[in-house]
Amino acid sequence: MRQVVNLKPDGRFELGLSYFRHHAEYVPYQWESGSPEVGDLFSPALEDLLGPRRRAHEPLEERHRDIARSVQAMYEEAFFNLLIPLQKRNGLTNLTLAGGCAANSVANGKVRRMTPFRRVYVHSAAGDAGGAIGAAYAVWDRLSGGRFFIVDHAFWVRNSRNPKSPR
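Asks: If you had to explain the overall build of the chain to someone new, which residues and values would you point to?
Replies: Along the backbone of the chain there are five helices and six strands. Listing the helices and strands of the chain from first to last along the sequence gives β-β-β-β-α-α-β-α-α-β-α. Counting the 167 residues in the chain, one finds 26% classified as buried. The contacts of the chain with a sequence gap of at least 6 include a subset with a gap of at least 24, amounting to 50%. Summing over all exposed atoms, the chain offers an accessible surface of approximately 11900 Å²; the carbon and sulfur share of this is 57%.

Written as structure tokens, this is what we have:
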């Protein structure tokens, strides 16, 4: 995994780009029958490193479980490598997570034990939409002059009884 992800001491990381395609060529992404169909994001070099991919009809083997565990371990190492310098720079002990990686409940459950963060909020749209929602609210905050609202539920609509609710 260290050939695929190279961690930097300041919290950053670099991908071993020879293992990926997304940065250098078009990767098809389309919806077919209500499900996303995504082309290969990885190059043949990743299969050379890890072995052939498992086809949908093939059973899970121990090798597949070992790769999944190694990917999880590498993700956690990168996650905490990012969080610890971030907390040292800003001194805050509250953390909000959004975006696709925020759905990693195994890593999220270790934040309080592995970092100085004491309170962790995982956005209700923790999938990739979470980043888009965060960006939208950052713009809303700027355009509204910093009007404050509390995220206390997962369904936001303009509420006529609550003038602080987003429009």
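Read on, since the account is not over.
Asks: Please give an account of a nonpolar patch on the surface that cites residues and values.
Replies: Together, Tyr 29, Trp 31, Val 38 and Leu 41 give the surface a local cluster of nonpolar side chains, amounting to about 440 Å² of exposed area. Note that Trp 31 resides in strand β3 (residues 29–32). What makes Trp 31 exposed here is its relative accessible area of 55%.

Asks: Please set out the packing of aromatic side chains residue by residue, giving values where relevant.
Replies: All chains considered together, the criterion is met by two aromatic pairs. Measuring from centroid to centroid gives 5.5 Å for Tyr 75 and Phe 79, while their planes differ by 15 degrees, and the two rings are stacked. Of the two residues, Tyr 75 and Phe 79 both sit in helix α2 (residues 62–90), four residues apart, roughly one turn of that helix. Taking the centre distance of 5.1 Å and the plane angle of 55 degrees together, the rings of Phe 79 and Phe 80 count as tilted. Comparing Phe 79 with Phe 80 shows no difference in burial state: the two are buried.

Asks: Outline α2, supporting the account with residue identities and numerical values.
Replies: An ideal rise of 1.5 Å per residue puts 42 Å on 29 residues; α2 measures up with 42 Å between its terminal C-alpha atoms. Restricting attention to buried positions, one finds in α2 the residues His 64, Gln 72, Met 74, Tyr 75, Glu 76, Ala 78, Phe 79, Phe 80, Asn 81, Leu 83, Pro 85 and Gln 87. The elements touched by buried residues of α2 are β1 (5–7), β5 (94–97), α3 (105–108) and α4 (111–114). Gly 91 lies just past α2 and shows a positive phi near 75 degrees.

Asks: Let's hear about the side chain of Gln 72: which residues, and what values?
Replies: Take Gln 72: it is sitting in helix α2. Only 2.7 Å separates the side chain of Gln 72 from the side chain of Glu 76, close enough to count as a polar contact. The residues touching Gln 72, leaving out its near neighbours within four places in the chain, are Asn 104, Val 106 and Ala 107.

Asks: Give me the pattern of salt bridges: which residues, what numbers.
Replies: The full count for this structure, using the stated rule, is seven salt bridges. Note that Arg 2 is salt-bridged to Glu 77, the shortest N-O span being 2.9 Å. Taken together, the residues span a long stretch of sequence, with Arg 2 in the segment before β1 and Glu 77 in helix α2 at a distance of 75 residues. Between Asp 10 and Arg 12 there is a salt bridge; the shortest N-O distance is 2.8 Å. On the basis of relative accessible area, Asp 10 is assigned to the partly exposed category, the value being 37%. Salt bridges sharing partners connect three or more residues here, namely Asp 40, Glu 47 and Arg 53.

Asks: Tell me about the pairing of strand β4 (residues 35–38), residues and numbers included.
Replies: Two strands pair when backbone bridges link them, and β3 and β4 are joined in this way by four bridges, in the antiparallel orientation. In the strand pairing of β4, Trp 31 is matched with Pro 36.

Cut-off values and rules
- Residues numbered from 1 in each chain as written.
- Predicted model: local features only at pLDDT ≥ 70, side-chain atom pairs only at ≥ 80, totals over all residues.
- Heavy atoms only, no water.
- Helix = DSSP H or I, 4+ residues; strand = E, 2+ residues; numbered from the N terminus.
- Buried < 20%, exposed > 50% of the residue type's maximum accessible area, 1.4 Å probe, protein only.
- Contact = heavy atoms within 4.5 Å.
- Areas by Shrake-Rupley, 256 points an atom, 1.4 Å probe, with all protein chains shown as cover.
- Patch = residues over 30% accessible without salt bridge, like charges linked within 9 Å, V, L, I, M, F, W, Y side chains within 5 Å.
- Salt bridge = Lys/Arg side-chain N within 4 Å of Asp/Glu carboxyl O.
- Phe/Tyr/Trp six-rings, centres within 6.5 Å; stacked < 30°, edge-to-face > 60°.
- Expected span 1.5 Å × (residues − 1).
- Polar contact = N/O pair within 3.5 Å; in protein donor to acceptor, adjacent residues only side chain to side chain.
- Pairing = 2+ DSSP bridges.

Note that every value here comes from positions in space, so none of it alone points to a role or purpose.
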